[in-house]
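Structural characterization, general
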Amino acid sequence: MASDSGDHITQFEEHSSTFLVVGGGIAGVTCAETLAIYHPEEKITLITESSVIKTIANLEPVARYVYKFDVKEQSLNDSLPPAILTIVDRLKTIEALDHFVLTENGRRIYYKYMCLCTGATPNLILGNNPRVIGIRDTDSVLTLQEFLKHAKKVTLLGNGGIASELAYELHGIEVHWVVKDNHIASTFVDPGAAHFFQESIHLKKPDGSNADKANSQSTSIVKRLRYKEIQSKELCKENNKIRGAALGPDWHRNFTLTGNASSTTDSPIIHYKTHIKEIVEKNKKIFITLNNDERIECDFLISATGVEPHHNYSCSIPFSMGTDGGIAVNDMMETNVLDIYAAGDVCTAMWEHGEHWFQMRLWTQARQMGCMAGRSMDAKLTNEVIYQDFCFELFGHVTQLFGYPVVLLGRYNGQGLGTDYELLIRSTAGKEYIKFVLQNGRLRGAILIGNTELAETCENLILNKIDLTPYGDDILNPDIDIEDYFD
Ligand SMILES: Cc1cc2nc3c(=O)[nH]c(=O)nc-3n(C[C@H](O)[C@H](O)[C@H](O)COP(=O)(O)OP(=O)(O)OC[C@H]3O[C@@H](n4cnc5c(N)ncnc54)[C@H](O)[C@@H]3O)c2cc1C
Ligand SMILES: NC(=O)C1=CN([C@@H]2O[C@H](COP(=O)(O)OP(=O)(O)OC[C@H]3O[C@@H](n4cnc5c(N)ncnc54)[C@H](OP(=O)(O)O)[C@@H]3O)[C@@H](O)[C@H]2O)C=CC1
């Protein structure tokens, strides 16, 4: 890999490349590496504004189509195939008709095919307030660490991936976690799983290490809930936006849910179903008023409130955009502008989605889209017809939440299933939480928390649409190994 930090293609010099990829995140690097596999003989150029790129390491199958992997940050100089020329620069202008781009440092680069992988940026509330920070990349984490050094109290706003991670990882500081929902981690799980996690947050010892999983001998609860039980009138009132297969108050009757975490600094103080009404900054503190008039005085606020696709460049032909601000792409990752593709957080998947898939801005999908865009650009150059990768048939995501391995499959929270579904749950406190989302007896989605070893079985059940009605609740009977049953 020839890396150019500016010496080979100096300012105002022209350069041409068969394939041009913009962005050194997972999507861009995967796209460039895919192109280097298919066309080591062609000129492939990767531009990225940061001299640190993200690469995949320790890729490991969890099921047939679901992988877990680590993401490593590496310097440009030692990590990409030799066919890829890398340039540290920022894309500024695209001249689509004449197939060239101009960069901040005055480079003009001609391309045959280009893929935009410029990611997303945190969608901060009060973006211009120096005591309101977001988390996106290493720099933002360094800023967080700087703030933490002098802080005793922090407010965490948001109820998704970042907030859930920080609620678990922040130590030695009083955390006020403000969530809009009646349970934590709502973008990933339902109240039942949230309660399961809640136990683990409280289980943390003062030194932040995990207490031994209490109740690991506790019995497993297997419970079936039909939509009308789940969608109780209270829930209707609470959630004007039905998130999907959320469990209603019925679930709560089986457990005493602790509202606020205990007073130790390592258990976040959770403010449920609240949002911020007012923020005032004074004497290096911020004073927050919540919509229920609760007040929080803290040193800074982390706005873990989602992302917005990042395309800080112009194009001579306007891009079609998705409603969420991403660059619209079809199933071949093509934009509406000829020979320009897009992949990862920057794009919006506008093709008709498979019945078990939906878009979520994750490493998992950034990698899948980067690879699909690479294959698609190859096919265009060689004039071949290809089909969309099978990975877009089934939503699959492997992650860690509150110290547990988590696998999310298909419509794991009943997303888009309307009202005719039911849930089958098996929960063993401190050990595992398994939720099946069933529609007309077929498995449509699953949440697997803990070492359940059920990912591949669930993948098969979802994709093969096997009618599980005859098995009743035995499907999740802890004494029956359904892996053998359906393998
Ligand atoms: C704190 C945090 C934790 C996360 N944890 C997880 C997780 O556990 N699992 C998971 O699946 N996902 C996770 N995500 C989401 C995941 O990071 C993203 O979905 C994924 O990294 C998107 O990859 P990308 O390549 O599309 O974009 P990015 O990784 O944002 O890369 C975009 C690249 O484009 C470059 N760029 C931008 N504009 C230009 C320009 N004009 N010219 C040149 N270069 C440009 C940027 O410098 C960057 O290198 C997390 C996100 C955050 C913020
Ligand atoms: N383990 C993993 O897989 C992780 C994945 N990620 C990914 O990285 C990206 C960024 O993560 P994150 O920022 O947590 O985004 P997420 O989309 O995961 O969560 C955003 C949260 O903020 C809430 N929210 C949005 N606007 C406001 C507001 N104005 N006031 C209060 N709450 C608000 C959202 O509520 P609502 O949904 O109701 O709008 C949601 O609960 C996401 O794509 C996420 O999936 C990040 C960390 C870990």
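Residues numbered from 1 in each chain as written. Chains lettered and ligands numbered in written order. Predicted model: local features only at pLDDT ≥ 70, side-chain atom pairs only at ≥ 80, totals over all residues. Heavy atoms only, no water.

If you look the protein chain up in an unreviewed UniProt entry, it shows as Pyridine nucleotide-disulfide oxidoreductase domain-containing protein 1 from Bactrocera dorsalis. The heading Cofactor (unreviewed entry) in the UniProt record of the protein chain holds the text "FAD". UniProt annotates the protein chain under Sequence similarities (unreviewed entry) with the comment "Belongs to the class-I pyridine nucleotide-disulfide oxidoreductase family. PYROXD1 subfamily." (UniProt positions renumbered as here; feature names shortened; annotations may be inferred.)

What to know about the UniProt feature "domain: FAD/NAD(P)-binding" (unreviewed entry) in the protein chain
Feature annotation in UniProt places "domain: FAD/NAD(P)-binding" (unreviewed entry) on residues 20–200 and 270–370, given in this structure's numbering. Taken as a whole, residues 270–370 contains 8% helix and 37% strand, while its terminal C-alpha atoms sit 37 Å from one another. (Helix = DSSP H or I, 4+ residues; strand = E, 2+ residues; numbered from the N terminus.)

Notes on the site of ligand 2
Around ligand 2, the surrounding shell holds 21 residues, and the nearest of these are Ile162, Gly306, Arg361, His397 and Thr399. Contact distances for ligand 2 include 2.6 Å between an oxygen atom and a backbone N or O atom of Arg361. Considered on its own, ligand 2 offers 900 Å² of accessible surface; in the complex 77% of this is hidden by protein. When contributions to the shell around ligand 2 are tallied by element, the ones reaching two or more residues are helix 3 (161–169) and strand 25 (396–401). Here the shell around ligand 2 gets three residues from one element, more than from any other, and that element is helix 3. In terms of residue class, the shell around ligand 2 is made up of seven nonpolar, nine polar and five charged. (Near = heavy atom within 4 Å. Polar contact = N/O pair within 3.5 Å; in protein donor to acceptor, adjacent residues only side chain to side chain. Areas by Shrake-Rupley, 256 points an atom, 1.4 Å probe, with all protein chains shown as cover. Nonpolar A, V, L, I, M, F, W, Y, C, P; charged D, E, K, R; others polar.)

Overview of empty space enclosed by the protein
Summed over all chains, the structure comprises two cavities of 30 Å³ or more. One number sums up the size of the largest cavity: a volume of about 60 Å³. Every residue along the wall of the largest cavity is listed here: Tyr65, Val66, Tyr67, Phe69, Thr364, Arg367, Gln368, Leu394, Phe395 and Gly396. Counting only elements with at least two residues in the lining of the largest cavity, the list comes to strand 5 (67–75) and helix 8 (363–381). Counting residues per element, the lining of the largest cavity draws most heavily on helix 8, which supplies three residues. (1 Å grid on protein atoms, 1.4 Å probe; cavity = no way out; pocket = protein on both sides within 12 Å on 5 of 7 lines; lining within 4 Å. Points joined across faces, edges and corners; volume = space filled by probe spheres on them.)

Quick word on the packing of aromatic side chains
If you walk through the whole model with that rule in mind, you get 16 aromatic pairs. Judged by centre distance (6.2 Å) and plane angle (45°), the rings of Phe196 and Tyr433 are tilted. Taken together, the residues Phe196 in helix 4 (residues 191–202) and Tyr433 in strand 28 (residues 432–439) connect sequence positions 237 residues apart. Given the relative accessible area of 3%, Phe196 is considered buried. (Phe/Tyr/Trp six-rings, centres within 6.5 Å; stacked < 30°, edge-to-face > 60°. Buried < 20%, exposed > 50% of the residue type's maximum accessible area, 1.4 Å probe, protein only.)

Brief notes about the pairing of strand 19 (residues 300–303)
The alternating pattern of strand 19 places Phe300 and Ile302 on one face and Leu301 and Ser303 on the opposite face, and all of these are buried. Relative to strand 19, strand 11 (residues 132–133) is paired through two bridges, and the arrangement is parallel. By the bridge assignment for strand 19, Val132 is matched with Leu301. Sheet topology places strand 12 (residues 153–157) next to strand 19; four bridges connect them, and they run parallel. Across the sheet, residue Leu156 finds its bridge partner in strand 19, namely Ile302. (Pairing = 2+ DSSP bridges.)

Observations concerning the pattern of salt bridges
A side chain with one charge may pair with a side chain of the opposite charge, provided their charged atoms come close. Taken as a whole and assessed by the stated rule, the structure comprises 18 salt bridges. One salt bridge in this structure joins Glu355 and Lys465, with 2.5 Å as the shortest N-O distance. Placement of Glu355 in the loop between strand 24 (347–349) and helix 8 and of Lys465 in the loop between helix 9 (455–464) and helix 10 (482–486) is noted, with a sequence separation of 110 residues between them. Since its relative accessible area comes to 42%, Lys465 is described here as partly exposed. With its nearest N and O atoms 2.8 Å apart, the salt bridge here joins Arg426 to Glu432. Take Arg426 and Glu432: they sit in the same class, and that class is buried. (Salt bridge = Lys/Arg side-chain N within 4 Å of Asp/Glu carboxyl O.)

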